[in-house]
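# Fold and geometry: a report
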Amino acid sequence: MDIKNLKERVCKAIDEHRDEIMALGDSIFQEPELGYKEYKTAAKVKAFIDKKIGIPYESEIARTGIIAKMPGRGHKVNLALMGELDAVVCPDHPHADPETGAAHSCGHFAQVAATFGAALGLKASGVIDELDGDIEFWGVPAEECVEIEWRNELRAKGEITFLGGKPEMIKLGCLDNVDLSLMIHSQTGNTCKTAGTSVGFVSKFVKYTGKEAHAGGAPHKGVNALNAAQIGLMAIHANRETFRDEDTIRVHPIITKGGDLVNIVPADVRIEAYVRGKTMASVLDASKKVNRSFEAGAMAVGAEVEIIDIPGYMPRINNEQMNELFAANCAELIGAENIGYSAHGTGSSDYGDIQHLVPGIHPYVGGAVGVEHGSSYAIADPELLYIVAAKAMAMTTTALLANGAEKALEIKKNYKPVYANKEEYLAAWEELMK
């Protein structure tokens, strides 16, 4: 089979539908939603599938998730392409939701457009009928691990187990029959970059309880929970010199509630925090130090502290064979001189959990400007952000599944999973969080 011809056909189909693909991304950008609440975004994706692609899908997976399925000519492997539905909190962004502060200053809107744009190209070109594997297209909720207190309430009600959408979908069995996975992430600049490694993390919800009293007239009758929190935070800072450089530990807490009234001794103070690191062993070592610090703050002033550790995300471990394939296809689109190669990054993604079970990559495609997760983040080059990204995903998919899915089967054979199945993965998180 002439793979070059197949890739030309799928790219031509994407070009013919560029306006619809861009419109999907722009529409999602204009109406950002936070994780596990992406109802409007999910509706837009479903409408796009119904009107433009015409393939079956399941929805309301892990609250708002979507999986659309496209069978190939043969069924040798099952490849999942993923895009993330949620936004971050950035109330100063010019396109932020005025009520929630949600804003698409991370690029997930473009991921979704590229993922389902690739689906449209593969279907409309007829290339899917000449590939020897099946494809799933995932719209995944809640990649950004925010609103920890609210999500922990969902956990307490039994509505979710994990803060992130991909671990939740793993738990639900969505990955059970998937052999490989592919997604892209938008970035600033005008290049494409291969996927590098990243840190994993655990998340924490911390509640200090003190005793209320008149802050001016009788502070000696109270127990100041805010002082306890401040001492706990300073104790964390005192531990930072013990974090090894090679572990790339990051601890970044925020106080989400500092008391109730300014003239009352604070008795209810709440903190959300991440502890990140290059390996889960280093994360857990740092996590113990952080918990010890929070406890020290309570002990110092006689307050009480409750620390809830919640499973976060595992580090990303990208597949080098897939990285090389993606880079080669991007080079065909924008030139080899515009391809970069990522090393280790200190951000996190729940895609790392996927990669502990199946081979996958999380490379980057440019087209944005400004500061990621900041108010200046904006679309600069929609052609690169949407269309090149969709073509790169579709071309890489074609290369993986053509000729008897030879390349995909080779990658699957060479891959040694960290966890053999969902049960091992869930047991690992349970053991890690003891």
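Details of the structure are given in the entry above.
Here we summarise the structure given alongside this text. From a predicted model like this one, the values you see are computed outputs, not experimental measurements. (Residues numbered from 1 in each chain as written. Predicted model: local features only at pLDDT ≥ 70, side-chain atom pairs only at ≥ 80, totals over all residues. Heavy atoms only, no water.)

Taking 1.5 Å per residue, 13 residues should reach 18 Å; helix H2 (residues 18–30) reaches 18 Å between its end C-alpha atoms and fits that length. If you check which residues of H2 are buried, you get Ile21, Met22, Leu24, Gly25, Ile28 and Phe29. Down the axis of H2, the buried side of the element spans an arc of 155°, and every buried residue falls inside it. Turning to H2, the residues buried within the fold contact helix H1 (3–16), helix H3 (39–53), helix H4 (108–124), strand E18 (378–379) and helix H11 (382–414). (Helix = DSSP H or I, 4+ residues; strand = E, 2+ residues; numbered from the N terminus. Expected span 1.5 Å × (residues − 1). Buried < 20%, exposed > 50% of the residue type's maximum accessible area, 1.4 Å probe, protein only. Arc of directions from axis to C-beta. Contact = heavy atoms within 4.5 Å.)

In this section: the pairing of strand E13 (residues 268–277). For E13, a buried count of 10 out of 10 residues is recorded, marking the element as mostly surrounded by other parts of the structure. Of the two faces of E13, the one holding Asp268, Arg270, Glu272, Tyr274 and Arg276 and the one holding Val269, Ile271, Ala273, Val275 and Gly277 are both buried throughout. As paired elements, strand E10 (residues 200–209) and E13 share 10 bridges and run antiparallel to each other. Each bridged residue has a counterpart across the sheet, and for Lys204 the counterpart in E13 is Ala273. Note that strand E11 (residues 250–251) and E13 share two bridges and pair antiparallel. For Val251, the partnering residue across the bridge sits in E13 and is Val275. Sheet topology places strand E12 (residues 254–257) next to E13; three bridges connect them, and they run antiparallel. Across the sheet, residue Lys257 finds its bridge partner in E13, namely Arg270. (Pairing = 2+ DSSP bridges.)

Any functional reading would require information beyond the geometric quantities listed.
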